[in-house]
Each structure stands twice: as structure tokens, then as C-alpha cells.
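An overview of the molecular structure
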Amino acid sequence: MRRLFHSYNNKLSLVAILKKGFLPGFAACLCCFLAIFAHPAWGKDELVWHVLQLHRSLGTVDVYITDKLMRLEKSGGDIIVLYRGDIDQVAIASPGHKCIYVCSRESFYRQGFSVTNPGLKATRAAKAVKRKQVTFMGHAADLLDIYACGIARNGKKVEIGCAGMKVLAAPGDFRKAAEVVETIYATPITGAMPLEMRLDYSPSGGEMWFQTSERDLKKTQPDRSTQSYFRLKTMKLTREKKPPSFFAFPKGFKVLDSQGAVINETDTASELTKLILPSP
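Keep in mind that what you see is a predicted model, and the values were worked out from it rather than measured.

Quick notes on unusual backbone geometry
Even without glycine at this site, lysine 98 takes up a positive phi of about 50°. Relative to the assigned elements, lysine 98 resides in the loop between strand S5 (89-94) and strand S6 (99-104). Although it is not a glycine, methionine 137 adopts a positive phi angle of roughly 50°. Note that methionine 137 resides in the loop between strand S7 (127-136) and strand S8 (139-151).

Quick look at the structure:
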């Protein structure tokens, strides 16, 4: 009986120790442990490239990009395009109308971006050749020559230098995220964030781009001192930090079955309609 009482008393002493001393410390350690695992590494701010650009068809856009994440905003936030490498999907959203379209990166690559996809066929056939590395706005960039397939007078297919590009020469594999941007812009696929694209022909001679000899092409090229023939220009290139939520696909939006349906809901559609069908 005395042994049983002694054993029970020891248990009480242990409970008292846990309550008075050990338990609060253990609870504190447990809270810290849970806090660490409640906020894993992906919960930290992302160091991103922020590129403010002017695209000939889209107007002013902001691009935020890492090797696995991308967010493109048309001026005013009318259209937002997101890419997440962890699920390899693209989302096109209209925050103003709370609607969204989601597809795989491969599907988006095939579709193109509905605003610019008429130019996809030509740019996908083009070849990019690195000329040299340069400094662009204080950062390393690759200068590329773009060659398109042309036809000589004798009918022979030839490669014609038709454009020049600058792309970001950042460390890391940006191929998938950059591919989404290049699909949106309808620029040649280079696997790097496009910074600048200059076209070596005038709009009036554009129909000759892929059909003529290099000699005839030169006749249609504008004065290089003018800046009217840039398809893409960069006005700002900086490094910034953004929270992971910045790249999250919006929740609670109405899911539509095509990107065209989303874009038709935006002000961009009205702007394009005005350009194509100007009011009398």
C-alpha cells in the first residue's frame, strides 16, 4: 500500500513539474516548431525582376518574373496574366470583371495570346542567334540577331536578318516563365526575358518580310535613327521583392472556357475595337 501511494505521489510530482516548469517551456518550443512549419520557405518574399515595357500591340505592361513565377499586368490592371511553375499553368484574369481562364503552359503556347497571336506563325519560324553580351540599364543582356525564312528570286529559301533583340542574361533557367511572356508578346522564343525588339522593316513593307530577297527587304527598311519600328521597348528594369500571394491565381472569380471570353470582358477589347473600327 505504501509502495502504491509512493508511486502515485511520484506521478503527482511529475504532473506538478510539467505544470509549473517544463510544460510552459515545452509549449513555447512546440509553438516555435509549428510556426516554422506553418511558414515554409515558399512563404518568404520572392526576389523578382520588375520590367516596365511598351509593347506595340499591348501598350504599357509591367512584368514581374523569376525562374518559376511570372505576373504580367497591362496598364491599369485591366488584364493580368500569371504563370506558376509549381503547377506549370497559366491564368488570364480580369480583376475588374472577376473572371479567369486557366490552362497548361503547353496549351497556352499552342494557342498564343488572343490579342497578339496573328503574329505567332512568323515569329515561331524565326531563328535567334546571339551576337554578344551587352550592358542594358545596368544589367547583363544578350544581343540577338533574328533571322526569318525568305525566298530569293530564283525560289530558293534563304535566311534574312529581319530584327534585333535584347534579352535578360540572368542566371537560372527562365525558359518556361520567359516562354509565356514571349508567347504573349509574339516574339521569337529565346528562353530568356525579352527586353527589346527592333524590326528592320516599315509597316508598309511588312508583307514582304517573309517573302522577298534581302536586297528588296533593305529597300523597305526605315531610317534606323527613328524609333517607330520597335515592337518592344523597356523603360524600367529593377530588382524587387514580392510576396508569394502576388503570384497566386485569384480565387472566387468566374471561370470562363477561353481566354478570348476573358479579354472580351475587359476595356482592352473596347480599345482594340476602336482601333480596328474607328468611329466616323
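Notes on the sheet that holds strand S11 (residues 230-242)
Taken in spatial order, the 12 strands make up an open sheet running S7-S8-S9-S10-S11-S1-S2-S3-S4-S5-S6-S12, and their pairing is mixed. This sheet does not close on itself; its edge strands, each paired only once, are S7 and strand S12 (254-255). The sheet contact formed by strand S1 (residues 46-55) and S11 spans 10 bridges and is antiparallel. Paired with leucine 52 across the bridge in S11 is lysine 236. Helix H4 (residues 175-185) rests against S1, strand S2 (59-65), strand S3 (69-74), strand S4 (80-84), S5, strand S9 (157-168), strand S10 (194-199) and S11 of the sheet, and its axis sits at about 25° to S3.

With respect to the packing of aromatic side chains
Within this structure, the stated rule accounts for 2 aromatic pairs. Here tyrosine 64 and phenylalanine 246 contribute two aromatic rings whose centre-to-centre distance is 4.9 Å and whose plane-to-plane angle is 85°, an arrangement assigned as edge-to-face. Taken together, the residues span a long stretch of sequence, with tyrosine 64 in strand S2 and phenylalanine 246 in the loop between S11 and S12 at a distance of 182 residues. On the basis of relative accessible area, tyrosine 64 is assigned to the buried category, the value being 8%. For the pair phenylalanine 246 and phenylalanine 247, a centre-to-centre distance of 5.3 Å together with 90° between the ring planes defines the contact as edge-to-face. Each member of the pair phenylalanine 246 and phenylalanine 247 is classed as buried. Three or more aromatic residues joined by ring pairs form one cluster here, namely Tyr64, Phe246 and Phe247. Taking the ring centre of phenylalanine 230 as reference, the NZ or CZ of lysine 233 above it sits at 4.9 Å. The ring of phenylalanine 246 has lysine 242 sitting right over it, with the charged end atom 4.9 Å from the ring centre.

Concerning the side chain of threonine 66
Among the secondary structure elements, threonine 66 is positioned in the loop between S2 and S3. Excluding residues that lie within four positions of it along the chain, threonine 66 makes contacts with Glu46, Leu47, Val48, Phe174 and Ala177.

What counts, and at which threshold
- Residues numbered from 1 in each chain as written.
- Predicted model: local features only at pLDDT ≥ 70, side-chain atom pairs only at ≥ 80, totals over all residues.
- Heavy atoms only, no water.
- Helix = DSSP H or I, 4+ residues; strand = E, 2+ residues; numbered from the N terminus.
- Pairing = 2+ DSSP bridges.
- Contact = heavy atoms within 4.5 Å.
- Axes fitted to C-alpha atoms, helices over the stretch in contact; angles between N-to-C directions.
- Phe/Tyr/Trp six-rings, centres within 6.5 Å; stacked < 30°, edge-to-face > 60°.
- Buried < 20%, exposed > 50% of the residue type's maximum accessible area, 1.4 Å probe, protein only.
- Lys NZ or Arg CZ within 6 Å of the ring centre and 35° of its normal.

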